[in-house]
Amino acid sequence: MAKQAFFNSLKDEVARIDAAGVSKRFERLISDFTTDHNPKAIIDGRAISLFNSNDYLGLRHHPTLKQAEHEAGACLGTGPGAVRFISGSFAIHRELERKLATFHGREDGMVFSSAFATNLAVIFSLIKGQSKDSLISSDTLVISDELNHRSIIDGVRLGNLESEAKLIFKHLQASSLEEMLVANKGKFKRVVVITDGVFSMLGEYQDLAAIRQVIDAHDGDYAEGILLIVDDCHGVAACGATGRGTEEITNARADILIGTLGKGFGADGGYVVADQVTIDYLRESAATYIYSNSISPGTAAAAAAALDVIESSEGKQLLSNLQDNVALLKSELSKNGFAFAAPSEHPIQAVLIGDTVKTKELAKNMFERGFLITNINYPVVPKGRDEIRVQLCATHTREDVLAFVQALTAAAKELQIV
Ligand SMILES: Cc1ncc(COP(=O)(O)O)c(C=O)c1O
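What counts and how
- Residues numbered from 1 in each chain as written.
- Predicted model: local features only at pLDDT ≥ 70, side-chain atom pairs only at ≥ 80, totals over all residues.
- Heavy atoms only, no water.
- Helix = DSSP H or I, 4+ residues; strand = E, 2+ residues; numbered from the N terminus.
- Near = heavy atom within 4 Å.
- Polar contact = N/O pair within 3.5 Å; in protein donor to acceptor, adjacent residues only side chain to side chain.
- Areas by Shrake-Rupley, 256 points an atom, 1.4 Å probe, with all protein chains shown as cover.
- Nonpolar A, V, L, I, M, F, W, Y, C, P; charged D, E, K, R; others polar.
- pLDDT = per-residue confidence, 0-100.
- Core = buried A, V, L, I, M, F, W, Y, C linked by side-chain atoms within 4.5 Å.
- Buried < 20%, exposed > 50% of the residue type's maximum accessible area, 1.4 Å probe, protein only.
- Domains from an automatic or database assignment.
- Contact = heavy atoms within 4.5 Å.
- Pairing = 2+ DSSP bridges.
- Salt bridge = Lys/Arg side-chain N within 4 Å of Asp/Glu carboxyl O.
- Expected span 1.5 Å × (residues − 1).
- Axes fitted to C-alpha atoms, helices over the stretch in contact; angles between N-to-C directions.
- Phe/Tyr/Trp six-rings, centres within 6.5 Å; stacked < 30°, edge-to-face > 60°.
- Parallel < 35°, antiparallel > 145°, perpendicular 65-115°, else oblique.
- Left-handed = near helix turned anticlockwise from the far one by under 90°.
- Buried area = accessible area lost by both parts, 1.4 Å probe.

Caption draft 1: Just the environment of E162, in detail. Mapped onto the elements of the fold, E162 is located in the loop between α6 (150-158) and β6 (166-169). Taking C-alpha positions, E162 is 9.4 Å from L141, a pair spaced 21 residues apart along the chain.

Have a look at this one:
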């Protein structure tokens, strides 16, 4: 059969990826968790401490979230049953959307099956060449940070814009964005600027105040102004004294804020919050919201419960513990001769190793010692900048962090890294 030739091509491509050492499909399987204060993952029968989870506040094991999920599932069922506009909208979905909007000080919000799906649909809906019936003209310039997440890149790709209508500004450089806004004055009706809040490879954050200043200075240069979209999946429920992420740290606001419920919130799904008119428009146009199931009612209830925990004194304490853990890890690693790939105040700390083979060996060695960490290798990072991405959790105790540093130092010494 001729199609066998296509399957052979697929096989060759998988072999190419494997030979390059960048396969992702051999991940370790977690079969259970221990019942510790900071639960360890059971992998191949062993209890392993996770230092690579996005569950920054430890909420996925929180009894309040588990109970909320259990109770909602028990009466509403395990799945949504249909897409939102058919019969898949539950009161808990709307409650969660209202809570998210209130949390972020916005008029309304929408929940999606994931933040990836949120980015695809929100970005596409706002930049696409409109259909013949639409009252919105095309003529949009998109400008993105060069290290934006894959879901943003794909959202822009879906828009199918001409190359001069999709530009990339230098990572974290508001001045680079400004040069592009100046150079394109009058050439487009509107501009959409898109950036990650916290960048997940290095834990750095975009200075939204600097970006906002540039945008406000040039808004009048375009007939329909400049819109700022921020994806703060790693910022919200991870940093800022009250967990409001990059907006809180930089004291600046996005026009449209996108987040995930699957990291710091300890649940699953994605969301967007904005003013009412934007949300009304997105409910009519976002394809992954209209034509794809939302999260299950149990997951929505868990996410709503997570917001209550974060807003409580317990939540503030968790955020503060997390910051203490970040400070402790940084000072202990520095004392032991480690360097960082970038300055970060975030629970993501990128420990610079440099050599690809040694970085991989270090991650393996740490697994043998009972710790799971992630090695990030070339070509994901530039050659010679291979790193171990350490992610901290609010429920790691001081002893957990010190034990981790001790193990990493011993493993790095064995491999002649420090
Ligand atoms: C910046 C950013 N945006 C979006 C996503 C996607 O989040 P989700 O898992 O909810 O689709 C991620 C997750 O890796 C992310 O880091």
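Now that the structure has been shown, the text picks up again.
Caption draft 2: Highlighting the site of the ligand. By nearness alone, every residue bordering the ligand is listed as S114, A115, F116, H149, S151, D196, D231, C233, H234, T260, K263 and G269. A distance of 3.4 Å separates an oxygen atom of the ligand from a polar side-chain atom of H149. Protein contacts shield 80% of the accessible area of the ligand, which totals 390 Å² for the unbound molecule. A class-by-class count of the residues in the shell around the ligand yields three nonpolar, six polar and three charged.

Caption draft 3: Representation of unusual backbone geometry within the structure. Here the amide bond leading from Y378 into P379 is cis, since omega sits at 10 degrees, within 30 degrees of zero. Looking at the secondary structure, you find P379 in the loop between β14 (374-376) and β15 (386-391). Notably, D44 is not glycine yet its phi reads approximately 50 degrees, a positive angle. Although it is not a glycine, A237 adopts a positive phi angle of roughly 60 degrees.

Caption draft 4: Summary view of the confidence of the model for the protein. With 98% of its residues at a pLDDT of at least 70, the protein reaches an overall mean of 96. The spread of mean pLDDT over the elements of the protein runs between β14, the lowest at 92, and strand β10 (residues 270-274), the highest at 99.

Caption draft 5: Structural context of the nonpolar core. Counting residues in hydrophobic clusters, the biggest one holds 104 residues, and the most contacted among them are L96, L261, F265 and F404. Residues from two domains meet in this core; each of domain 1 (29-61 + 313-414) and domain 2 (63-311) gives at least three. In contact with L261, other than residues within four places in its own chain, are L96, L100, V111, G266, A267, D268, G269, G270, Y271, I295 and A303. Formed by six residues, the second largest nonpolar core is a distinct cluster that contains I43, I48, F367 and L372.

Caption draft 6: The arrangement of the sheet that holds strand β3 (residues 46-50) in detail. The sheet built from four strands is open, its strands ordered β1-β2-β3-β13 with mixed pairing. Of all the strands in the sheet, the pair left with one neighbour each is β1 (30-33) and β13 (371-372). Two strands pair when backbone bridges link them, and strand β2 (residues 41-43) and β3 are joined in this way by three bridges, in the antiparallel orientation. When the sheet's bridge partners are listed, A41 is paired in β3 with I48.

Caption draft 7: Quick look at the pattern of salt bridges. This structure, assessed with the given rule, holds 23 salt bridges. The residue R94 makes a salt bridge to E97 at a minimum N-O spacing of 2.5 Å. A residue pair is termed a helical-turn pair when its members lie 3 or 4 positions apart in one helix, as R94 and E97 do in helix α4 (residues 91-103) at three residues. For R94, a relative accessible area of 25% puts it in the partly exposed group. Given a relative accessible area of 0%, E97 falls into the buried group.

Caption draft 8: Here's a closer look at helix α14 (residues 356-368). In a regular helix each residue adds 1.5 Å, so 13 residues correspond to 18 Å; α14 covers 19 Å between its end C-alpha atoms and thus fits that length. N-cap assignment for α14: the residue whose side-chain oxygen lies 3.2 Å from the backbone N of V357 is D355. Just beyond α14, the residue with positive phi is G370, at close to 95 degrees.

Caption draft 9: Representation of the sheet that holds strand β5 (residues 140-145) within the structure. If you walk across this open sheet you meet the seven strands as β4-β10-β9-β8-β7-β5-β6, and the pairing is mixed. For this open sheet the edge positions go to β4 (108-112) and β6, each flanked by a neighbour on one side alone. Direction aside, the axes of adjacent strands within the sheet are offset by 20 degrees on average. In this structure, β5 lies alongside β6, joined through four bridges in parallel fashion. When the sheet's bridge partners are listed, I143 is paired in β6 with L167. Contacts from α6 reach β5, β6, β7 (190-196) and β8 (226-231) within the one sheet, and its direction differs from that of β7 by about 155 degrees. Contacting β4, β9 (256-260) and β10, helix α10 (residues 276-285) runs over the sheet at an angle of about 30 degrees to β4.

Caption draft 10: Representation of the packing of aromatic side chains within the structure. On inspection of all chains with the given rule, the structure shows seven aromatic pairs. Ring centres of F51 and F404 lie 4.1 Å apart, and the angle between their planes is 10 degrees; on these two criteria the pair is classed as stacked. Of this pair, F51 sits in the loop between β3 and α2 (63-76) while F404 sits in helix α15 (residues 398-414), and the two are 353 residues apart along the sequence. The buried category is assigned to F404, whose relative accessible area is 0%. Arranged with centres 6.2 Å apart and planes meeting at 70 degrees, the rings of F265 and Y271 form a pair that is edge-to-face.

Caption draft 11: Molecular detail of the packing of α4 against helix α12 (residues 297-311). Direction vectors running N to C along α4 and α12 enclose 30 degrees, while the axes themselves pass 9 Å from each other. Relative to α12, the element α4 is oriented roughly parallel. For α4 against α12, the interelement crossing comes out left-handed. Where α4 approaches α12, its residues I92, H93, L96, K99, L100 and F103 are matched on the opposing element by P297, A300, A301, A303, A304, L307, D308, I310 and E311.

Caption draft 12: Representation of helix α1 (residues 3-19) within the structure. With 17 residues, α1 should reach 24 Å at 1.5 Å per residue; the first-to-last C-alpha distance of 24 Å fits that figure. Count one or two residues on from α1 and you reach G21, which has phi positive near 75 degrees.

Caption draft 13: Expanded view of the domain arrangement of the protein. Partitioning the protein into structural domains gives domain 1 (29-61 + 313-414) and domain 2 (63-311). Contact with domain 1, which involves 26 residues of that partner, is made by 26 residues of domain 2. Note on domain 1 versus domain 2: buried area summed over both sides is about 2000 Å², and carbon and sulfur give 60% of it. On the domain 1 side of the contact with domain 2, L59, K316 and L319 bury the most area, a combined 26% of that side's loss. Summed over the shared surface of domain 1 and domain 2, the number is seven residue pairs in polar contact (both at pLDDT 80 or more). Elements that contribute at least two residues to the side of domain 1 that touches domain 2 include exactly α13 (313-335), β12 (348-354) and β15.

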